[in-house]
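# Reading the structure
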Amino acid sequence: MKKDNKTVIYWLFTGCFLIFIMVIIGGITRLTHSGLSISNYKLISGTIPPMNETEWQTAFDLYKQYPEYQKLNTHFSLQDFKDIYFWEWLHRVIGRLMGLVFFIPFLYFLIKKRLTKSTIKKAIILLGLGAFQGFLGWYMVKSGLVDRPDVSHYRLAAHLTTAFVTFAYTLWVGLDLIYPTKQTIHKGFRNLVRFGLAILLLQIIYGAFVAGLDAGFIHNHWPMMSEGKFMHETVYIEQNPLYKNFIEGKSGVQFVHRILAFIVLFIILLVWYKSKKMQLNSLQKKAINVLLILVGLQFLLGVYTILLQVPIWLGVAHQIGAFFLLSAMIFTLHRFSK
């Protein structure tokens, strides 16, 4: 690591940490059904929550004008509203903080000429991803304020996946600075890890589909999706054409999420098995061993999340597991790339 890169690396990893925290808070927001509690968007003044009973009542009255209250939460008291308001407010505040943490140091490093041309280009991409992430958050919330008391699971998946991609790219840029030297390339092996990363991202998308459709609250058995029946017999046909069951139907979406979990596990086991026949350095070996441990842990978290019908703490733990698994996959791929 070059000495003049240290502060830049700390900046990038601080950004990674904030994205991690933001996604975890976002998961809690989703699991507590708090995401539609703030129905307007104020970039500056929205940073300060209601400060007195009059302001709280005004915010509550605004919430009452939208489908979530009218169709699901007519029983809510002001205190109930305050409880869900907190998580969405915190989620948005961290998003604003993250924007400042990425943008202000970038300007400082740019003025001080602490960034190479390559890093400047990568940082601009990061800023673009962050801005796009903020837009997707607004676009997602908007889908739940028209005629349905919930957000579009497609928009939720886009919002969540962009956060994971932004995190992964930020981590990659940081790793480029920590490990600037070239590695011994095992092209076929590297492509296998790339394929595993692609399937893992697809799995993350389907995890968002499961969350957006509340599909984790059905078929709470494992390995079968319903007690006494095989998995393929319990993917109930809900819509036509058939393919829509696997992107919009709760049973179909959970089925795909389960199958992808087995595929991710198999690919990482294959990566570990093939690595045993290769001459690797200590860092590469550690990366693959950590990857193997994390995929096993994440698989178990997924199973227990389904069996226990998605308790908040376990749903959040499963999301944290996805973050660590993605981090390990990115690190492993980086150690087998130029």
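Note on numbering: residues in each chain are counted from 1, in written sequence order. Local features in this predicted model are restricted to residues whose pLDDT is 70 or higher, and side-chain atom pairs enter the listing and the counts only when it is 80 or higher, whereas totals over whole chains, interfaces and linings include all residues. Hydrogens and waters are ignored; side-chain quantities use all the structure's heavy atoms.

### Remarks on the overall build of the protein
For the record, the criterion: Helix and strand definitions follow DSSP, with helices as H or I runs of at least four residues and strands as E runs of at least two, each counted in order from the N terminus. Relative accessibility thresholds used throughout: buried, under 20% of the residue-type maximum; exposed, over 50%; partly exposed, between the two (1.4 Å probe, protein chains only). Residues are treated as being in contact if the distance between any of their heavy atoms lies within 4.5 Å. In short, Shrake-Rupley with a 1.4 Å probe defines the accessible areas, and a residue's cover is counted only from the protein chains shown. Positive charges come from Lys and Arg, negative ones from Asp and Glu, while His and the chain ends are left out of the count. By convention, the charge on Lys lies at NZ, on Arg at CZ, on Asp at CG and on Glu at CD.
Looking only at helices and strands, the protein has 10 helices and 0 strands in total. In sequence order, the secondary structure elements of the protein are arranged as α-α-α-α-α-α-α-α-α-α. Referenced to the eigenvectors of the C-alpha coordinate spread, the extents of the protein come out at roughly 65 × 60 × 35 Å. Residues counted as buried form 49% of the 338 residues belonging to the protein. Long-range contacts, defined as pairs at least 24 residues apart, comprise 77% of the intrachain contacts of the protein with a sequence gap of at least 6. A total of about 17,400 Å² of accessible surface is found on the protein, and carbon and sulfur atoms cover 67% of it. Charged side chains in the protein number 34 positive and 16 negative. The centres of these two groups are separated by 21 Å.

### Quick look at a nonpolar patch on the surface
Spelled out, the test is: What makes a patch is a set of residues exposed beyond 30% relative accessible area and free of salt bridges, joined within 9 Å when like-charged and within 5 Å when nonpolar (Val, Leu, Ile, Met, Phe, Trp, Tyr). One side-chain nitrogen of Lys or Arg within 4 Å of one carboxyl oxygen of Asp or Glu is enough to make a salt bridge.
There is a patch of nonpolar side chains on the surface, built from Trp 222, Ile 259, Phe 262, Ile 263, Leu 300, Tyr 304, Leu 307, Leu 308 and Trp 313 and spanning about 870 Å² of accessible area. Mapped onto the nonpolar patch, the elements with two or more residues apiece are helix H8 (250-275) and helix H9 (282-307). Relative to the helices and strands, Leu 308 is located in the loop between H9 and helix H10 (312-335).

### Quick notes on the packing of aromatic side chains
Note the cut-off: For Phe, Tyr and Trp, where Trp contributes only its six-membered ring, two rings pair if their centres lie within 6.5 Å, and the inter-plane angle classes them as stacked under 30 degrees, edge-to-face over 60, or tilted in between. Comment: the charge-over-ring label is applied if NZ (Lys) or CZ (Arg) is within 6 Å of the ring centre and within 35 degrees of the ring normal.
Throughout the structure, instances matching the rule amount to 28 aromatic pairs. Ring plane angle 70° and centroid distance 5.1 Å describe the contact between Tyr 206 and Phe 209, whose orientation is recorded as edge-to-face. Of the two residues, Tyr 206 and Phe 209 are both situated in helix H7 (residues 187-212); the distance of 3 residues between them amounts to about one turn of the helix. Note on Tyr 206: relative accessible area 10%, which makes it buried. On the basis of relative accessible area, Phe 209 is assigned to the buried category, the value being 7%. The rings of Trp 56, Phe 60, Tyr 63, Tyr 69, Phe 81 and Tyr 85 are connected pair by pair, giving a single aromatic cluster. Taking the ring centre of Phe 60 as reference, the NZ or CZ of Lys 64 above it sits at 4.5 Å. Sitting over the ring of Tyr 179, Arg 335 keeps its end group 4.3 Å from the ring centre.

### Some details on the pattern of salt bridges
Throughout the structure, instances matching the rule amount to 6 salt bridges. Taking the shortest distance from any N to any O, the salt bridge between Arg 30 and Asp 150 comes out at 2.9 Å. Within this pair, whereas Arg 30 is found in helix H1 (residues 6-31), its partner Asp 150 is found in the loop between helix H5 (117-142) and helix H6 (153-178), the two being separated by 120 residues in sequence. Given a relative accessible area of 16%, Arg 30 falls into the buried group. Across the salt bridge formed by Lys 82 and Glu 53, the nearest N and O atoms sit 3.0 Å from each other. Highlighted residues: Lys 82 in helix H4 (residues 78-111) and Glu 53 in helix H2 (residues 53-63), separated in sequence by 29 residues. The partly exposed category is assigned to Glu 53, whose relative accessible area is 48%. When salt bridges that share partners are traced, they join Arg 30, Asp 150 and Asp 214 into one network.

### What to know about the packing of H8 against H9
For any two helices packed against each other, one specifies the inter-axial angle together with the distance between the axes. Under the convention used in this document: To obtain each axis, a line is fitted to C-alpha atoms, and for helices this fit is confined to the stretch in contact; angles are then taken between N-to-C directions over 0 to 180 degrees. In this scheme, roughly parallel covers angles under 35 degrees and roughly antiparallel covers those over 145, while 65 to 115 is roughly perpendicular and the rest are oblique. In a left-handed crossing the near helix is turned counterclockwise from the far helix by less than a right angle, and in a right-handed crossing that turn is clockwise. Residues are grouped as follows: Ala, Val, Leu, Ile, Met, Phe, Trp, Tyr, Cys and Pro are nonpolar; Asp, Glu, Lys and Arg are charged; all remaining types, including Gly, are polar.
Where H8 meets H9, the closest approach of the two axes is 10 Å, and the angle between their N-to-C directions is 160°. Considered as vectors, H8 and H9 are oriented roughly antiparallel to each other. Considering the relative orientation of H8 and H9, their crossing is left-handed. Packed against H8, whose contacting residues are Gln 254, Arg 258, Ala 261, Phe 262, Val 264, Leu 265, Ile 268, Leu 269, Val 271, Trp 272 and Ser 275, the element H9 presents Ile 288, Asn 289, Leu 291, Leu 292, Val 295, Phe 299 and Ile 306 at the interface. In terms of residue class, the contact of H8 with H9 is built from 14 nonpolar, 3 polar and 1 charged.

### Here we look at H1
For clarity, the cut-off: Working rule for helices: expected span equals 1.5 Å times residues minus one.
Here H1 spans 38 Å end to end across 26 residues, near enough to the 38 Å set by a 1.5 Å rise per residue. Once H1 finishes, His 33 follows within two positions and takes phi at roughly 55°, a positive value.

### Quick notes on the nonpolar core
Using the following cut-off: Only buried residues count toward a nonpolar core. Its members are Ala, Val, Leu, Ile, Met, Phe, Trp, Tyr and Cys residues joined through side-chain atoms within 4.5 Å.
Counting residues in each nonpolar core, the largest one holds 74 residues, and the members touching the most others are Trp 11, Phe 164 and Leu 326. Counting residues per element, the ones that place at least two in this core are H1, H4, H5, H6, H7, H8, H9 and H10. Examining the composition of this core, we find that 13 residues originate from one element, H1, more than from any other. Those residues in contact with Trp 11, other than ones at most four positions away along the chain, are Val 101, Phe 102, Pro 105, Phe 106, Phe 109 and Ala 123. Counting 12 residues, the second largest nonpolar core, distinct from the first, contains Ile 38, Ala 59, Phe 60 and Ile 84.

Such coordinate-based values are descriptive only and should not be taken to indicate function.
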